[in-house]
Amino acid sequence: MPIPALPAARPAPEASGPLADLRPLPPERGASVVRIAAGMLIAALVIAGLYLGRDILVPLALAVLLGFVLDPAVSRLRRWGVPRVLAVVGVVLVALGVIGGSAAFMTWEVRALSAELPTYQSTIRGKLASLRETIRAPGMFDGLTKTVDIVQRETEKLATPAPAASGERPAQLVEVKERAASPVQQALDVIGRIAGPLVDAGIVLVFVILVLLDRLDLRDRLVRLMGGSLQRTTDAMDEAGDRISRYLIMQLWVNLSYGIPMALGLWLIGVPGAFLWGMLAAVMRYVPYVGPMISAIFPLTLAFAVDPGWSLVLWTLGLIAVLELVSNNVVEPWLYGSSTGLSAISLIVAATFWTLMWGPVGLIMSTPLTVCLLVLGRNLPALQFLDVLLGSQPALDAPTRVYQRLLGGDVDEAVELSHQLTEEAGSVPQFYDEVALPALRMAVSDYQTASTSQHRLRIVTGMESLLDEMRDQHPVTPMATAARPAVLCLGGKWELDAITAQMVAHALGLAGTPAAHDAALAADPQALARLDLRGVEAVFVGWFSPEPQVAAKRLCRRLRRHWPEVRIVLGLWNVDAAAGADAATAEALGADAVAPSVVEAVTHVQKLLQTVSHEWQPAPVPEDDAARVALLRASGVLTDPQLQQLFEQTAKRAAAIFDVPAAMVSFIDEQVQQVRGFHGELPAPEGSADAPVRYADQLDMPRSHSICGHVVADNRPLVVPDVARDPRFATNPMLAAKGLRFYAGAPLRPKKGGAIGSLCLLDTQPREFSERDAKLLQAMADDLMHEVAERADRPEVAPGAAPPAPEPKASATVGQVLPAGT
């Protein structure tokens, strides 16, 4: 017997009334809400723990901070062979002696001033009486003062209760007085007030000694506790230690640069206890914001008490004001720089937060503690928001900032920001490549997903206004304006493609090549047919499509059919530069050249038109080059065979640390680059008859052709991510013959004088090189020159004796990346 079908389930009735608008959250949003709630709960627990555990955490944090100050001295004694226990005890005793001596000096000065204060009583009374008479003298506010007094008296009358009726006893005022404490109780109270700070100081002292004794063990335990990637944890701890140590050292110099002039200035103008107030000013500057104001009160008060007139007070006030201006606007920016990496508003917020948590001690330690949070945010993905909130770096990169301004319709702000970024980039074409094109890539990416019609209109009109301002601020050369356009720039398919055509036309005009842009889009056959290319020598077409091959090939075929003599350059902005912007791609599409950037588009067009003013930039020669060459020859680096072994070992280590196929140590004389140390191999370019580079003398070349010559001339590190796409070196024949595509070099500087050579990394493939890597390379170059100087100071090896094995010294920075001997 068949089973009858069940009736269909009745749909649940829809909610009505106040619940009608409620809808369940999507799973993604629900998970996000849960994560936010969990994060807020964890933050609340952490803040509560910081506040409730302040009795233990404050001494521990203060001990760690003092450990950062004292550990360099302990390490120096350890390098001299002193046992760690004796080194720690000695450094702590010296620190206690300095603190005790400073306290004794301040106590003696305060006692001397206390003995002299009664002599200033008459001066104080006279000034106060004078101020009282000045205030009570007839003035412009007399009428207002009398009116206020009358209103106050009338109000007091209304508030006075009516007199008591006959037979009632008036209320009496009763005052309760506490019984006077006994001498024993008073002594216990004093001991209790003193014992607290003494106990805290003793705890801090014990913690400091333990931190200095077991620093390495504590470091290992912290690494184990943080877990995760050992490299990332080590980098975080190294960065935190480096930033805090640098901040404390700079803070010491800032305080001394303020306290010493303060003491000398007060002594010259005649304020008693000048050196006491200078020392107090230096110490109080460790307290952010509040400390300088507190330290200024004492000399001003004493100047008021000493001088019968007002000149001493004004001189003291002027001295303090001048020192504050110089310290805040000259000394601190010069010494601090970016030592902490914290923004100004984060410093203020951190000072407020840690003061609420831990009181005055929290205010003193606010900056080091916040630096630790910043480092955690930079190295732990889960805490990345701390880097965004606290860091001094912009929260958005330059292209994103410009794109956001355009999305919001803030054209004026986008234009102002673009002018600033153009100055930072160094040229208009570089700004187009580094900022404008990436911003337009974001717009193309959001075109079909997040952008509305209003957003698209704002991007197009905003970019057109921005380009108009750029053309006004950076006009093209007169030759490019007067001549008939030799290059016509078009957009491929979209309005944004046409905007890039305007960029290329502007960049060509700045380079001296007459160029114009047309609003017609190359993908439109009718618009293309209406173009008149008579007299035009080259056509540039920009495409933002990630796969423009079919449309670009069709366009090139049409242009070849109607104007076969016209050269074609394609700008493929969204195609991988390494894989899709070479000669093979251009030939496959039927174009003469393909460019992934504005700078390369200008270079290709000028090559095709043969209007390049110079094919590559020779290495400049500094003004003091004769003295530099004399220093180079006197150093012995060109002739000493033992130093050559050192240079080869350094090149080998640099190649291993940075994982590059080749590294070298080169020196620049009057005319030639001489390579004294080389390690690795550079294979010859495809189709070249040259042999692979395996030996140092294969890289010797004229100074003008050498990239190391640029490093020596500028005396600073130089990184070229892709030599073939850098207009300074792209057509250098010697670099092209070696197949060089990547270069990173750091100057080799003796103790006196400029750069005499470079330690550089080489590769036959383009690669990125971070700022941190550049600093590490410079540290290795400095270590190498330090070793050269030390060897020059050693006695020469006797003839026939075996020279010591060359082994470059590893600095602390280098040792953090690769242990010595690797």
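Parameters at a glance
Residues numbered from 1 in each chain as written. Predicted model: local features only at pLDDT ≥ 70, side-chain atom pairs only at ≥ 80, totals over all residues. Heavy atoms only, no water. Patch = residues over 30% accessible without salt bridge, like charges linked within 9 Å, V, L, I, M, F, W, Y side chains within 5 Å. Areas by Shrake-Rupley, 256 points an atom, 1.4 Å probe, with all protein chains shown as cover. Salt bridge = Lys/Arg side-chain N within 4 Å of Asp/Glu carboxyl O. Helix = DSSP H or I, 4+ residues; strand = E, 2+ residues; numbered from the N terminus. Core = buried A, V, L, I, M, F, W, Y, C linked by side-chain atoms within 4.5 Å. Buried < 20%, exposed > 50% of the residue type's maximum accessible area, 1.4 Å probe, protein only. Contact = heavy atoms within 4.5 Å. Pairing = 2+ DSSP bridges. Axes fitted to C-alpha atoms, helices over the stretch in contact; angles between N-to-C directions.

Caption draft 1: The arrangement of a nonpolar patch on the surface in detail. Taken together, Ile249, Leu252, Trp253, Leu256, Ile260, Leu264, Trp267, Leu268, Phe275, Tyr286 and Ile364 make up a surface patch of nonpolar side chains, about 1100 Å² in accessible area. With eight residues, the single largest contributor to the nonpolar patch is helix H8 (residues 230–269). Considering the arrangement of structural elements, one finds Tyr286 in the loop between helix H9 (274–284) and helix H10 (290–306).

Caption draft 2: Summary view of the nonpolar core. Membership of the largest hydrophobic core comes to 48 residues, with the highest contact counts inside it found for Tyr432, Leu496 and Met503. Among the elements that line this core, the one with the most residues is helix H17 (residues 428–446), at 10 residues. Once residues lying within four places of it in the same chain are set aside, the contact partners of Met503 are Tyr432, Ala436, Leu437, Leu440, Met463 and Leu467. Judged by nonpolar contacts, the second largest core, of 31 residues, contains Val637, Leu638, Leu643 and Ala746.

Caption draft 3: Local environment of the sheet that holds strand S4 (residues 567–572). A sheet is described by the order of its strands in space; here five strands give the open sequence S2-S1-S3-S4-S5, paired in parallel fashion. Each end of this open sheet is capped by a strand with a single partner; those strands are strand S2 (515–521) and strand S5 (593–595). Going from strand to strand, the sheet's axes swing by 25° on average, the running direction of each strand aside. Where strand S1 (residues 487–491) and strand S3 (residues 538–543) come together, five bridges link them in parallel fashion. By the bridge assignment, Leu490 is partnered in S3 with Val541. In this fold helix H20 (residues 495–510) packs onto S1, S2 and S3, with an angle of close to 155° to the strand it touches most, S1. Set on the sheet, helix H25 (residues 598–609) makes contact with S1, S3, S4 and S5; between it and S5 the angle comes to about 160°.

Caption draft 4: The pairing of S3, seen in detail. Most of S3 is tucked away, with six of its six residues classed as buried. Every second residue of S3 is oriented toward a common face, with Ala538, Phe540 and Gly542 on one face and Val539, Val541 and Trp543 on the other, all of them buried. Here six bridges tie S3 to S4, and the two strands are oriented parallel to one another. By the bridge assignment for S4, Gly542 is matched with Gly571.

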